[in-house]
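Per-entry structural report
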Amino acid sequence: MQANEYDAESVTFYQDDPLGGSPVAVQVIDFPAGSSARQIAEQLSVTSGVDASAFTEMKITGINENGYGEQLALVINGIRFDQPGMTLNSLADTINSSTLADQGILALSDGQTLTLSSALGDDIAVFVTGDITDSVAFESTRGQVTVLNGVGPGSRASTAGSINVSGGANFSMGGPHTLTVAIDNQPAVTINLTGLYTSGASLAAGVQAELNATGLNGAITVGLTTSGELQFSTVDTGSDASINLTGVSSGVASLLGLTTQGSVGVDTFRTMTVGGRINLLLDSGRTMTSSVVNPAGNVFTRNPVANSTDFGFEIAMAGRPVAGDTFTIDFNTGGVLDNRNGQALADLRLGKLLGDPPQSLTDSYSRLIEFIGIKASQTGIDREAVQSLLEQSTARRESVSGVNMDEEAANLIWFEQAYNAASRVISIARNTFDVLLNAIG
Amino acid sequence: MRISSYQLNQQGINRILEMSQQTAKTQQQLATGRRITTAADDPVAAVRINSINEEISLREQFRSTIGLAESDLKLEESTLDHMVQVLQRVRELTIQSGNAINTAEDRQFISVEIQSRFDELMSLMNTRLASGDYLFAGFKGEDKPFVQDATGANVYHGDEGQRVVQIDASTSVAVSDSGKHIFVDVPAVNTTVVTSAHPNNDQTNSGTISRATVVDQETLDAFYPDDLVIQFEPLLNGAVSGYNYSVRRVSDNRVLSGLENVPFDVGDRIEVAGMEFEILGSPRPGDRFIVETSRTQDVLTTVERMATGLRTLGTTDEQRDIFDALVGETLDNVDNAITSILEVRAKIGARLGITESVDFLHQEIELISKQMLSKLRDVDYAAAVSTLTYQVFVLEAAHKSFALISRLSLFNSL
């Protein structure tokens, strides 16, 4: 299958430095050219903090078969669709019931556009065969339309005999008539021809039947050239279609004019391979850059811009939706009984909102009460201790400098008596002087 | 140590002051009944008292919430009970109407009674709480949930919200159920169809779509779960007479074969995928009409269809067959509705059980908390009175002794 045209690319993941330095490179991943989105996503998801998912989409907007010449056929990822009178709708239905559905490829058609999608991100390769008057139109995600007609890149190899066998051939006598054919890189198969064919058409059909019976179903087409020679052809989406006749018995050689030979005439067909796109979910702190050379040929741009996945709300879905289901996300105007915000407000009671380490509101308040209570209690105890000291100090001061009334009263009595005694001495002295003076005079 | 007169005086007074302070404190305790008047009296106990108080008030609040929840739930329960009774009666009437000997008149009578049961059901489904909010409207309590629109279809205007209240620190209980869950999402025996106009249609020239009738049940069953969109396309040839529409299926937006750009006349009966409906009024290019298939049928429509069938289906063989099928279908759908209601009723019973046991728990814990609070905070009267008596005695002794020695003075003897 032809690979997509993505260039080889190298992607580097960085982790932000929590301390504010420059980001540190943690992983480098290289993709070879032509990697499918699925392979890229698988490789990227291995890195921690990165989650990648891939998907591929291809739009076909027109099928044009004019009814003449070769039947238009599409070969999608190896499965061939060549019903006559194909429309987008009928093709979609056929694809959905074919083995492509097992590969995860689905088709959706509304009559105007057929969208092929691979939910796994595998490449979708379509090639178109037919003749030059038939075509298929594709539309890219940017609205660009490409028309492939029945002749173009892809390849077809054929080889033919040299004898006109439109009158048929007779293999019933002589023999054994054997023919060994190999296509592309597959092992050769040998067929044995034994019938009597009366026309070129029946001869071609008979040989085709023999070849199909060996398991080369659909890989080799047997027909007649315009000059009636028997022709074998095979197609390939790459440019390397080849068909080799490696063993021709003498009878076959003489009847059909075949010799051991390789492909003669390789022409190319048109093919379109679409690579997928990738959604990357990076954990916060991770960034990435890419070694882009040609922006159009790469999966990522050089510095992909990351968008936040936080829309302010989150939804989760469960179960299996079917086509046609719709889910609407909107504001619920009129939802007056919705108490969920009120409930969240009430839950603040339990939230650890204040302090270090964080505590709930009531715990913080209790802590405050305790702190104040202890301080007040301590202060009361201190006051009592100081009061005691004050009293003792006062007592000692009073003991030295205070006045005791009784002591003063006692002293007063003593001083009064001393005064009386002293004044008695004076009166006796006066009496003595009087006696002496009276004795003289 | 030498005692000065001043010292003697002060010493006496200080002790009296100290004693009277203590007495006053004890008196305060006795008067308030509290051992702890300020946090300083016992800081650790003060904190504990604070948290026990919070616990008690929280439990009281939860109990009051439980009271409200229980009253809402009991209202819901009794409403649902009532509805089951009504539906049982409808069931009886349906069975009765299947009786072959009914005359056309009998059928009219039965139809009238079923119609009045329909009205009863609708008013029960629009029950209001004491606060005036609608019980079954989900979160949209101010809008009447169950109404009939212009085409006669039964429409639910509420949402699917379920109110939940917290009755304990880690227990919540639902106190409502949305009408959609109980009455609208009732499994139907046959695939049903609902039609509507897209909300973005041109409102000034409004086209409308009639209710759809099922003409081929098997085709419709096969078409389910896909839905249809009838889209009015740009005018053909630009002419005023060129109104046309295309019918697409919603799953992949594909136009159904033969139904692209169909010329439109008002009143055309459109038949697609076993359904038939009309588009009336004046739709404009760009208008869309949605036809949705469903495996559910709301209980009002089930009852209404039976009443209508009794009224309109006559006596031709074809109509008889349709009528018999309708009777069977109605019985099954009514049973499904009753089952749906009983399931919710059982849930309500379980919720009431939870609220009862949680209420009991709150009561118990409140009691224990109050006891602990009392132990920490309240004064022991016996001890306090005895302390006060002692303190008063000591204070009296201090007073008397002070008076005695302060009279002593040597001056008195002089």
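Here, the structure is the one placed above.
This text gives an overview of the structure that appears in the document. (Residues numbered from 1 in each chain as written. Chains lettered and ligands numbered in written order. Predicted model: local features only at pLDDT ≥ 70, side-chain atom pairs only at ≥ 80, totals over all residues. Heavy atoms only, no water.)

**Points about the overall build of chain A**
Scanning chain A from terminus to terminus reveals seven helices and 22 strands. Whereas a compact globule of 441 residues would reach a radius of gyration of roughly 22 Å, chain A reaches 55 Å, over 25% beyond that. C-alpha atoms of chain A, sized along the principal axes, occupy 215 × 50 × 35 Å. The buried share among the 441 residues of chain A stands at 34%. In chain A, of all internal contacts separated by at least 6 residues, the share reaching a separation of at least 24 is 61%. Working note: accessible area of chain A is about 26,000 Å², and carbon and sulfur atoms make up 55% of it. Across chain A, the 20 positively charged side chains and the 45 negatively charged ones have centroids separated by 16 Å. (Helix = DSSP H or I, 4+ residues; strand = E, 2+ residues; numbered from the N terminus. Rg over C-alpha atoms; globule rule 2.2 N^0.38 Å. Buried < 20%, exposed > 50% of the residue type's maximum accessible area, 1.4 Å probe, protein only. Contact = heavy atoms within 4.5 Å. Areas by Shrake-Rupley, 256 points an atom, 1.4 Å probe, with all protein chains shown as cover. Lys, Arg positive; Asp, Glu negative; His and termini not counted. Charge placed at Lys NZ, Arg CZ, Asp CG, Glu CD.)

**A closer look at the interface of chain A and chain B**
How big an interface is tends to be expressed through the accessible area that disappears when the partners come together. With 49 residues of chain A at the contact, the number on the chain B side is 44 residues. With both sides pooled, the region where chain A packs onto chain B buries about 3,900 Å², and carbon together with sulfur makes up 53% of that total. Per-residue buried area on chain A facing chain B is highest for Asp110, Leu337 and Arg349 of chain A; these three make up 15% of the total on that side. The interface formed by chain A and chain B contains three salt bridges. As a salt-bridge pair, Arg254 of chain B and Asp93 of chain A come within 3.3 Å of each other at their nearest N and O atoms. Applying the counting rule to chain A against chain B returns 21 residue pairs in polar contact (both at pLDDT 80 or more). Elements that contribute at least two residues to the side of chain A that touches chain B include exactly α2 (88-96), β6 (105-109), α5 (340-346), α6 (361-401) and α7 (405-440) of chain A. (Buried area = accessible area lost by both parts, 1.4 Å probe. Salt bridge = Lys/Arg side-chain N within 4 Å of Asp/Glu carboxyl O. Polar contact = N/O pair within 3.5 Å; in protein donor to acceptor, adjacent residues only side chain to side chain.)

**Comments concerning helix α1 (residues 5-32) of chain B**
Helix length check: α1 of chain B (28 residues) gives 41 Å between terminal C-alpha atoms against 40 Å at 1.5 Å per residue, within 8%. Along α1 of chain B, the residues classified as buried are Gln7, Gly12, Asn14, Ile16, Met19, Thr23, Thr26, Gln29 and Leu30 of chain B. Looking at the buried positions of α1 of chain B, the neighbouring elements they touch are α6 of chain A together with α8 (381-406) of chain B. Directly after α1 of chain B, the chain includes Gly33 of chain B, whose backbone phi takes a positive value near 80°. (Expected span 1.5 Å × (residues − 1).)

**What to know about a negative patch on the surface**
There is a patch of like negative charges on the surface, built from Asp317, Glu318, Asp321 and Asp324 of chain B. Considering the arrangement of structural elements, one finds Glu318 of chain B in helix α7 (residues 317-377). (Patch = residues over 30% accessible without salt bridge, like charges linked within 9 Å, V, L, I, M, F, W, Y side chains within 5 Å.)

**Some words on the sheet that holds strand β2 (residues 24-31) of chain A**
Residue and element names in this part refer to chain A. If you walk across this open sheet you meet the three strands as β2-β1-β22, and the pairing is antiparallel. Every interior strand has two partners, whereas the edge strands, β2 and β22 (286-290), have only one. Averaged over all adjacent pairs, the angle separating strand axes in this sheet is 20°, with direction ignored. Most of the contacts of helix α1 (residues 37-45) go to β2, to which it runs at about 155°, and overall it touches β1 (9-15) and β2. (Pairing = 2+ DSSP bridges. Axes fitted to C-alpha atoms, helices over the stretch in contact; angles between N-to-C directions.)

**Things to note about unusual backbone geometry**
Between Asp356 of chain A and Pro357 of chain A the backbone carries a cis peptide bond, its omega angle lying at 5°. The omega torsion across Tyr224 of chain B and Pro225 of chain B is 10°, close enough to zero to call that bond cis. Of note in the backbone geometry, Asn253 of chain B takes a positive phi value of approximately 60° without being a glycine. Inspection of the secondary structure assignment puts Asn253 of chain B in the loop between β9 (244-249) and β10 (262-263).

**A short note on the packing of α6 of chain A against α1 of chain B**
Between α6 of chain A and α1 of chain B, the least distance of the axes is 10 Å, while the angle of their chain directions is 165°. Taken together, the axes of α6 of chain A and α1 of chain B are roughly antiparallel relative to one another. In terms of crossing hand, the pair formed by α6 of chain A and α1 of chain B is left-handed. On α1 of chain B, the residues touching Arg383, Glu391, Thr394, Ala395, Arg397 and Glu398 of chain A of α6 of chain A are Tyr6, Gln7, Asn14, Arg15 and Gln21 of chain B. Taken together, the residues that form the contact of α6 of chain A with α1 of chain B break down as two nonpolar, four polar and five charged. (Parallel < 35°, antiparallel > 145°, perpendicular 65-115°, else oblique. Left-handed = near helix turned anticlockwise from the far one by under 90°. Nonpolar A, V, L, I, M, F, W, Y, C, P; charged D, E, K, R; others polar.)

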